[in-house]
Amino acid sequence: LLLFFLGANWTTIFLGIEERYQGADPADVLGFSSLTGLVNSMIALVGAVLIFFLIGAIFAARRVAKLPTFRLVSTKQLPELTLAHGLKWHLFNSHIWST
């Protein structure tokens, strides 16, 4: 969203410089000699940010998928946990007999 705002702002500045100062070159202020170069660079920046976001989302999804869960030995399904009326928490008390 910020890149879209910056792109719109820089485009408005570019067009304002061209309109107000007939002899001035917007490249002296913004570094772009044409509006097409400005728009293309903003599209490339937005595309790069989207790619980074998608890569991060894929890594996060893979990490969450590897988290251990409690499963029933007999069915390999999640156990059905119900709470009595008025209770808020479950307690899982695990211990090892060998220690």
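Here's what I pulled together on the structure shown here. Just so it is clear, the structure is predicted and the values come from calculations on it, not from any experiment.

On to the overall build of the protein. In terms of regular secondary structure, the protein is built from three helices and zero strands. For the protein, the succession of helices and strands along the chain, N to C, is α-α-α. Relative to the globule expectation of 13 Å for 99 residues, the C-alpha radius of gyration of the protein, 29 Å, shows a markedly less compact shape. A separation threshold of at least 6 residues defines the contact pool for the protein, and within that pool the share at least 24 residues apart is 29%. Surface exposure of the protein reaches about 9,000 Å², of which carbon and sulfur atoms provide 67%.

In the contact formed by helix α1 (residues 2-20) and helix α3 (residues 35-65), the axes pass within 10 Å of each other and the chain directions differ by 175°. The angle between α1 and α3 places the two elements in the roughly antiparallel class. Counted together, Leu3, Phe4, Leu6, Gly7, Trp10, Thr11, Phe14 and Leu15 of α1 and Leu35, Leu38, Met42, Leu45, Val46 and Val49 of α3 form the full contact between these two elements. Tallied by class, the residues present in the contact of α1 with α3 amount to 12 nonpolar, two polar and no charged.

Here α1 contains 19 residues, and its C-alpha end-to-end distance of 27 Å stays within 8% of the 27 Å for a straight helix at 1.5 Å per residue. Looking at the buried side of α1, the elements it contacts are α2 (27-30) and α3.

As a rule of thumb, non-glycine residues mostly have phi less than zero, and peptide bonds are mostly trans rather than cis. Although it is not a glycine, Lys76 adopts a positive phi angle of roughly 60°. The topology assignment puts Lys76 in the segment after α3. Lys76 gets classed as exposed once you look at its relative accessible area, which sits at 59%.

Moving on to a nonpolar patch on the surface. On the surface, Ile51, Phe52, Ile55 and Phe59 cluster together to form a nonpolar patch covering roughly 460 Å² of accessible area. Its place among the elements puts Ile51 in helix α3.

Moving on to α3. Taking 1.5 Å per residue as the helical rise, α3 with its 31 residues ought to reach 45 Å, and the 45 Å between its terminal C-alpha atoms agrees with that figure. Among all positions in α3, only Leu38, Met42 and Val46 are buried. Its buried side turned inward, α3 meets α1.

The rules behind the values
- The numbering scheme is per chain: residues are counted from 1 as the chain's sequence reads.
- In keeping with the predicted nature of the model, local features appear solely for residues at pLDDT of at least 70, side-chain atom pairs appear and are counted solely at 80 or more, and the whole-chain, interface and lining totals rest on all residues.
- Each side-chain value is worked out from all heavy atoms of the structure, with water and hydrogens disregarded.
- Here a helix means four or more residues in a row that DSSP labels H or I, a strand means two or more in a row labelled E, and each is numbered from the N terminus.
- The globule rule used here is 2.2 Å times the number of residues to the 0.38 power, and the radius of gyration it is set against is calculated over C-alpha atoms.
- Every residue pair with non-hydrogen atoms within 4.5 Å of one another is taken to be in contact.
- Each accessible area is a Shrake-Rupley estimate made with a 1.4 Å probe; only the visible protein chains count as cover when residues are assessed.
- To define axes, lines are fitted to C-alpha atoms, for helices over the stretch in contact only, and angles between the resulting N-to-C directions are given on a 0 to 180 degree scale.
- Note on angle classes: values under 35 degrees are labelled roughly parallel, values over 145 roughly antiparallel, values of 65 to 115 roughly perpendicular, and the remainder oblique.
- Polarity classes work like this: nonpolar for Ala, Val, Leu, Ile, Met, Phe, Trp, Tyr, Cys and Pro, charged for Asp, Glu, Lys and Arg, and polar for all others, with Gly in that last group.
- Multiplying one less than the number of residues by 1.5 Å gives the expected span of a helix.
- Residue exposure (1.4 Å probe, protein chains only): buried if accessible area is under 20% of the type maximum, exposed if over 50%, otherwise partly exposed.
- Each patch groups residues whose relative accessible area exceeds 30% and which form no salt bridge, using 9 Å between like charges and 5 Å between nonpolar side chains of Val, Leu, Ile, Met, Phe, Trp and Tyr.
- Just to be clear on terms, a salt bridge is a Lys or Arg side-chain nitrogen sitting within 4 Å of an Asp or Glu carboxyl oxygen.

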